[in-house]
Each structure stands twice: as structure tokens, then as C-alpha cells.
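Listed below are the residues making up each chain.
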Amino acid sequence: MPKPCWAVLRFFIEPGERGSGLRYRSLAREERLLESYQNEVARRVPEALLQGLYGWEVTDLSVTLLEGEHHVWHTHPLDFVVATPMGIMDGLATTGTKLLEPLLRFRLSAPEEAAGRLLHELAEMRAVYETSVGQGGRMEMEGLLPVATSLDFPSRLGSLTKGRGVLSTSFAGYQEAPPDVRAERPRRGVNPLDQAKYILAVRSALSG
């Protein structure tokens, strides 16, 4: 049987401003949780957030270690390697996370007679845009496109505009995905939410 492990952690997790990344701090008292153990937790929190509920990295988050405990005889620093991801994932599962999708800022110039086809395509791709008519009867458009829906748009633009469309794009950040959009990435390793299996998997690797 594996040696007993003994680690107690209590986190407070709250959303941060968009683009703020991860903020971590500890309020735990050293007499209850040694500084060396607190340092181990601080190292493991960013690792635990690399794969969230849907397999994607979780960011724009504030994590506070409110309190923790160790046992004089039974606690080993590696116990916090096990406990930290379990605590973080339990918090995410309880409160939920929001799925963000990457955006492209685009500028599109095309002949006015292609407007109908292009407007239909942009609506299908969930684009947000403004249009104007420029010189020579060309339609000028600027706006935002979700990356996920527009991957093959540049290759289709030629047929939509008979080769007369000009498109430029740049990365524009992230936005919250619509409620009906789901995108999950296969998880690497055992999910910490499956606590019994996760403990065995991690401790087996550590003991090896």
C-alpha cells in the first residue's frame, strides 16, 4: 500500500479582469502550513490551471490560499503535488468556467456585386462588422471574426469575389463563446476530479 499522505488546503478562487492572467497569494499561517509547503503549492497552482474543465488553460483568475495544514509525521512535500490540482479543479468544477474563443480583426475589400454572398458568409461565421462603399464601387468592411468559424475563409474568398477580394487579418484577443459553442481538448493524464484514480496515478509516478 502507498504510504499515507496528509495535506489540507483551502482556496478562494475568483475571476480576474480579462487579460489579467493568473494572480496567486497565500494567507496561510506558517505555524499551520510550513513555508516550504506553501512554496510547493505556489509552484503547482499554475500547473494545475494548464488544463481546465474543458482541457484548455484557465486564465484571468485570482487564487488565494486561505489556509492549510500539515502533519508533523505524515506530511511529505509531494503530498501537496497531489492535493493542489485536486483543490483547484474542485473549485473550478463547483463554480464553472467560461469558454473563450480567439478573434481576428479583419479588413475586407471586394466588388459591390459580391456583397450578398459575402454578407451571408459573414453572418454564418458570426462576424461583427461595419461596411462602407469606397471608390470604384468596391465594398469596404472592417470588423471581428471568430477564428474557429473562419479558418477556411481566405481560401474561399477567391471564389466568392471572382478573385477580386482583398483580405487582411490580425489577432484581436478573446471573447466569451456563445452558450451553444462547445470545444473540448483531450486531457493529458488523469483528471484530478477523479480523485482516487488521480492519487494513485500521481503517487505511482512519484514513487517510480
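The structure under discussion appears in the preceding block.
What comes next is a walk through the structure. In every chain, residue numbers begin from 1 and rise along the written sequence. Given that the model is predicted, a residue must reach a pLDDT of at least 70 before its local features are reported, and side-chain atom pairs must reach 80 or more before they are shown or counted; all residues, however, enter totals for whole chains, interfaces and linings. Side-chain measures were taken over the full set of non-hydrogen atoms in the model, leaving aside hydrogen atoms and water.

Observations concerning the overall build of the chain
For the chain, the count of helices and strands is 5 helices and 7 strands. Put simply, the chain runs from its N terminus to its C terminus through helices and strands in the order β-β-α-β-α-β-α-β-β-α-β-α. Atoms considered for the radius of gyration are the C-alpha atoms alone. The globule rule reads 2.2 Å times the number of residues to the power 0.38. Its C-alpha radius of gyration of 24 Å places the chain more than 25% over the 17 Å reference for a compact globule of 208 residues. A principal-axis box enclosing the C-alpha atoms of the chain has dimensions of 80 × 30 × 25 Å. Each residue gets one of three labels from its accessible area relative to the maximum for its type: buried under 20%, exposed over 50%, partly exposed in between, using a 1.4 Å probe on protein chains only. Here the chain holds 208 residues, and 32% of them are scored as buried. Per-residue and other accessible areas follow the Shrake-Rupley method at a 1.4 Å probe size, with only the shown protein chains counted as cover for residues. In the form shown here, the chain has an accessible surface area of approximately 12800 Å², with 53% of it arising from carbon and sulfur atoms. Distance between charge centroids for the chain: 3 Å, based on 24 positive and 26 negative side chains. Only DSSP runs of H or I with at least four residues qualify as helices, and only runs of E with at least two residues qualify as strands; both kinds are numbered from the N terminus onward. Charge assignment in this entry is limited to Lys and Arg as positive and Asp and Glu as negative, and neither His nor the chain termini are counted. Charged groups are reduced to one reference atom each: NZ for lysine, CZ for arginine, CG for aspartic acid, CD for glutamic acid.

Quick look at the pattern of salt bridges
Salt bridges are defined by distance alone: a side-chain nitrogen of Lys or Arg within 4 Å of a carboxyl oxygen of Asp or Glu. Within this structure, the stated rule accounts for 12 salt bridges. Note that R10 and E67 form a salt bridge whose closest N and O atoms lie 3.6 Å from each other. Placement of R10 in strand β1 (residues 7-15) and of E67 in strand β3 (residues 61-70) is noted, with a sequence separation of 57 residues between them. Taking relative accessible area as the criterion, R10 reaches 48% and is therefore assigned partly exposed. Classification of E67 by relative accessible area gives partly exposed; the value is 41%. E113 is the partner of R164 in a salt bridge, and the nearest nitrogen-oxygen pair spans 2.9 Å. Note that R164 is positioned in the loop between α4 (153-161) and β7 (166-176) and E113 in the loop between β4 (100-111) and α3 (115-124), a separation of 51 residues in sequence. One continuous salt-bridge network, built from bridges that share partners, spans E40, R43, R44 and E47.

Focus on the sheet that holds β1
Read from one edge of the open sheet, 3 strands run β1-β3-β2, paired in mixed fashion. A strand with exactly one partner marks an edge of an open sheet, and here the two such strands are β1 and β2 (22-26). If you compare each strand with its neighbour and ignore which way they point, the axes differ by 20 degrees on average. At least two bridges found by DSSP between two strands are what make those strands a pair. Note that β2 and β3 share 5 bridges and pair parallel. Bridging across to β3, Y24 finds its partner in V63. Note on contacts: a residue pair is in contact if any heavy atoms of the two residues lie within 4.5 Å. Note on definitions: angles span 0 to 180 degrees between N-to-C directions of axes, and those axes are lines fitted to C-alpha atoms, for helices only across the stretch in contact. Helix α1 (residues 35-48) rests against β1, β2 and β3 of the sheet, and its axis sits at about 165 degrees to β2.

Overview of helix α2 (residues 78-95)
Expected span, for any helix, means 1.5 Å times one less than how many residues it has. With 18 residues, α2 should cover 26 Å at 1.5 Å per step; its first-to-last C-alpha distance of 27 Å lies within 8% of that length. For α2, the full list of buried residues reads D79, F80, V81, V82, A83, T84, P85, M86, I88, M89, G91 and L92. In the stretch just after α2, G96 is the one whose phi turns positive, near 85 degrees.

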